[in-house]
Amino acid sequence: MAEEITYYAIVDRWATPSDPAGLARRRRPDTGGFRDEALDRSLNWQFTPLIVEWERAESTDDLVEIDADEAERIIEQFRAKWG
Amino acid sequence: MAGHQDRPLAFKKANDDLTQRMERLPPGHPSSPYNDDGTRKPPVARPADRELPLPDEQAADANLDSPDAEEPSQRSLDTNDLPEQEMPTLEADGREAVGQEVRDGETGANEAPSGGVKEREAGVTEQPSPEAASPDSRSWGDSLSHFKEQWERHKERWPQEQRPPVDHSTDEPGSWRGEGDQYLNAEENLVAGHSLESIRPIEEKVSATVQEVREEVPDCDLVGLGNRFKGEERFKEKVSDELRAKPDRSIAVISENMPDAVRYTFQFDREDYVDGYWNTLGCMERHGCEMELSRNSWDSPQYKGINTRWRTPAGQLFEVQFHTPESFEAKQLTHTAYERIRSPTASDQERDELYEFQSEVSASIPVPTDSPTIADYPKKEV
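Section: the overall build of chain A
- In terms of regular secondary structure, chain A is built from two helices and five strands.
- Sequence-ordered secondary structure for chain A, helices as α and strands as β, is β-β-β-β-α-β-α.
- Taking 83 residues into account, the globule formula puts the C-alpha radius of gyration at 12 Å, and chain A, at 12 Å, falls close to it.
- The principal-axis extents of the C-alpha atoms in chain A amount to approximately 35 × 30 × 20 Å.
- Put simply, chain A has 83 residues, and 55% of those count as buried.
- Taking contacts inside chain A between residues at least 6 apart in sequence as the whole, the part at least 24 apart equals 47%.
- Here chain A holds 11 positive side-chain charges and 19 negative ones, and the gap between their average locations is 4 Å.

So this is what it looks like as structure tokens:
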């Protein structure tokens, strides 16, 4: 079974789901367990606690689940800004 | 925030509607102000007065994790040696002594009997017998014992190695590095530190307001007050995590908009929870505070409660959580699991087990009557 990935737009008070402040994802490898990551300014995925914090209502921001195509579009948006 | 100006009016209407709806409920309904025979119900005892020590909490409870003792330097991966973060005492009436919120909030067994707490003393002498506890309370107590054992087994299965000391050898002077390798350069560290320091003088006023609200709202308890401040290390960890995940946001914007740098928890029994929530909102607003956000997580698989964000008239953000004794207890019980889940050092497999543990605990928490009727504010736009 392939790895499952769920993407989330990070939406703070100045952002919207289509123009988010950041992007996070939860990876569920076929070996079990999960690992959460966020995209940094270098467009690398780094470990993040933000999804877990959001699930525990500890997050400053809201997370909105998005599909892989939308995530790709947002990554391109960030690439144009930061790349 | 859009639509914010309509909220006070909306609140008054909702509060009036709620009162009217409760009046219309059939006598004997849990939320009805009338008994089966049509007589008006007597005032309800304070939640803390009715709490009973759990079977394994008769002694000072060292087995629960403090949800807010978040200083990594004080943080322990073993629930048996978790110290409290000492905070200055501001309570005049001795309701909540520093560093006692786990014991006080959980069992009421160590509540200070001195200084103007007559009603609390009276409540202690009038505690109902265990037989009089509701079925839900009994099942939660059983579940709690089970979860504590489960947590002990988890720790045996996943022993935590001693963390190596944080390596600062290549860091610039004045910078900060956390135990999870979060990093703030010297300038960022200065800004974050200044933001946190600037909150402290304002906190005293906010705490005084919150204490007044607690006095004015019926059936209300204020728990965890000793940990109202987010610790400096945890604050900087969170700032660094957000800075990394939201590269366009400045350090000042992130530091100054941390909603839970100061946080409070109001606690109500399940039967009083919904009324307590609305009464607290009204009272907070009468004290000049403005609610910016309310998130109802009673249907969440990982956490039960309602978290709200407020601004003082002076503009200071702070957080208010609404719990029942059970959901607050669950939050404390799962705190170390939560700490481990969000740590980069946990393995993917352990993280999954921790997640399941939190889900199981959350699923066992009795849900307050009518809590789904409390809508998010502002409504989520998805």
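Concerning the environment of C220 of chain B
All names here are of chain B.
- Inspection of the secondary structure puts C220 in the loop between α6 (186-216) and β3 (221-223).
- Take C220: its relative accessible area is 0%, and that puts it in the buried class.
- In the structure, C220 is positioned 57 residues away from Y277 in sequence and 9.4 Å away in space, judged by C-alpha atoms.

Structural notes on unusual backbone geometry
- Note that the residue after Y377 of chain B, namely P378 of chain B, is joined by a cis bond; omega there is -15 degrees.
- Examined against the element boundaries, P378 of chain B turns out to sit in the segment after α12 (348-364).

Considering the interface of chain A and chain B
- On the side of chain B, 45 residues touch chain A, which itself brings 38 residues to the contact.
- Of the roughly 3,400 Å² buried at the junction of chain A and chain B (both faces included), carbon and sulfur atoms supply 48%.
- For chain A, the biggest contributors to the area lost against chain B are R56, E58 and T60 of chain A; these three give 23% of the whole.
- One salt bridge in this structure joins D248 of chain B and K81 of chain A, with 2.8 Å as the shortest N-O distance.
- There are 21 residue pairs in polar contact (both at pLDDT 80 or more) connecting chain A and chain B.

Focus on α6 of chain B
- Under the 1.5 Å per step criterion, the end-to-end length of α6 of chain B is 45 Å for 31 residues, consistent within 8% with the ideal 45 Å.
- For α6 of chain B, the N-terminal capping position is held by N185 of chain B, with its side-chain oxygen 3.1 Å away from the main-chain nitrogen of E187 of chain B.

Re the side chain of S371 of chain B
Residues and elements named next belong to chain B.
- In this structure, S371 sits in the segment after α12.
- Residue classification places S371 among the buried positions, given a relative accessible area of 1%.
- In terms of polar contacts, S371 uses its side chain to reach the backbone carbonyl oxygen of P368, at 3.2 Å.
- Here S371 is in contact with V274, N296 and W298, once residues within four sequence places are set aside.

Considerations on the sheet that holds strand β4 (residues 45-47) of chain A
- If you walk across this open sheet you meet the five strands as β4-β3-β2-β1-β5 (chain A), and the pairing is antiparallel. Pairing within the sheet leaves two strands with one partner each, and these edge strands are β4 and β5 (62-66) of chain A. In this sheet, neighbouring strand axes are inclined to one another by 35 degrees on average, regardless of whether the strands run parallel or antiparallel.
- In this sheet, β5 of chain A lies alongside strand β1 (residues 4-11) of chain A in antiparallel orientation, the contact comprising five bridges. Bridge pairing in β5 of chain A places I10 of chain A opposite L63 of chain A.
- Of the strands in this sheet, β1, β2 (22-28), β3 (35-39) and β4 of chain A touch helix α7 (residues 232-245) of chain B, which is tilted by about 60 degrees from β3 of chain A.

Focus: the pattern of salt bridges
All names here are of chain A.
- All told, the structure shown has 35 salt bridges over all chains when counted by the stated rule.
- Close ionic contact of E3 with R27 constitutes a salt bridge, the shortest N to O distance being 3.0 Å. Taken together, the positions of E3 in the segment before β1 and R27 in strand β2 put the pair 24 residues apart, joining distant regions of the chain.
- Relative accessible area serves as the criterion here: at 32%, E3 is assigned to the partly exposed category.
- Judged by its relative accessible area of 26%, R27 falls in the partly exposed class.

Comments concerning the side chain of D12 of chain A
- With respect to the element layout, D12 of chain A can be found in the loop between β1 and β2.
- Engagement of the side chain of D12 of chain A in a polar contact is seen with the side chain of R249 of chain B, the distance being 2.5 Å.
- Not counting residues within four places of it along the chain, the set of residues in contact with D12 of chain A comprises A21 and D61 of chain A together with K246 and R249 of chain B.

Some remarks on the nonpolar core
- If you look at the biggest cluster of nonpolar residues, it comprises 57 residues, and the most contacted ones within it are F266, F318 and F322 of chain B.
- Dropping the residues within four chain positions of it, F322 of chain B is found in contact with F266, F268, Y273, Y277, T280, L281, G305, I306 and T308 of chain B.
- Core analysis: the next-biggest nonpolar cluster, separate from the first, contains 15 residues, A9, I66, A71 and I75 of chain A among them.

As for the sheet that holds β3 of chain B
All names here are of chain B.
- Sheet architecture is open: five strands sit in the order β3-β4-β7-β6-β5, paired in mixed fashion. Of all strands in the sheet, those with a lone pairing partner are β3 and β5 (290-296), marking the two edges. Looking at each pair of strands side by side, their axes are set apart by 25 degrees on average, direction ignored.
- The pairing of strand β4 (residues 263-267) with strand β7 (residues 317-323) spans five bridges and is parallel. Looking at the pairing, R263 lines up with E319 of β7.
- Along the sheet face, helix α9 (residues 273-286) touches β4, β5, β6 (306-311) and β7 and points at about 160 degrees away from the line of β7.
- Against the sheet, helix α10 (residues 325-333) touches β3, β4 and β7, its axis set at about 115 degrees to β7.

Things to note about the pairing of β3 of chain A
Residue and element names in this part refer to chain A.
- Buried residues dominate β3, accounting for four of its five residues.
- With four bridges joining them, β2 and β3 adopt antiparallel strand pairing. Bridge pairing in β3 links A24 to A38.
- Between the antiparallel neighbours β2 and β3 lie six residues, among them G32 with a positive phi of about 100 degrees.
- If you look at the hairpin formed by β3 and β4, you'll find five residues sitting between the two strands, and L43 has a positive phi there, around 65 degrees.

Criteria and cut-off values
Residues numbered from 1 in each chain as written. Chains lettered and ligands numbered in written order. Predicted model: local features only at pLDDT ≥ 70, side-chain atom pairs only at ≥ 80, totals over all residues. Heavy atoms only, no water. Helix = DSSP H or I, 4+ residues; strand = E, 2+ residues; numbered from the N terminus. Rg over C-alpha atoms; globule rule 2.2 N^0.38 Å. Buried < 20%, exposed > 50% of the residue type's maximum accessible area, 1.4 Å probe, protein only. Contact = heavy atoms within 4.5 Å. Lys, Arg positive; Asp, Glu negative; His and termini not counted. Charge placed at Lys NZ, Arg CZ, Asp CG, Glu CD. Buried area = accessible area lost by both parts, 1.4 Å probe. Salt bridge = Lys/Arg side-chain N within 4 Å of Asp/Glu carboxyl O. Polar contact = N/O pair within 3.5 Å; in protein donor to acceptor, adjacent residues only side chain to side chain. Expected span 1.5 Å × (residues − 1). Pairing = 2+ DSSP bridges. Axes fitted to C-alpha atoms, helices over the stretch in contact; angles between N-to-C directions. Core = buried A, V, L, I, M, F, W, Y, C linked by side-chain atoms within 4.5 Å.

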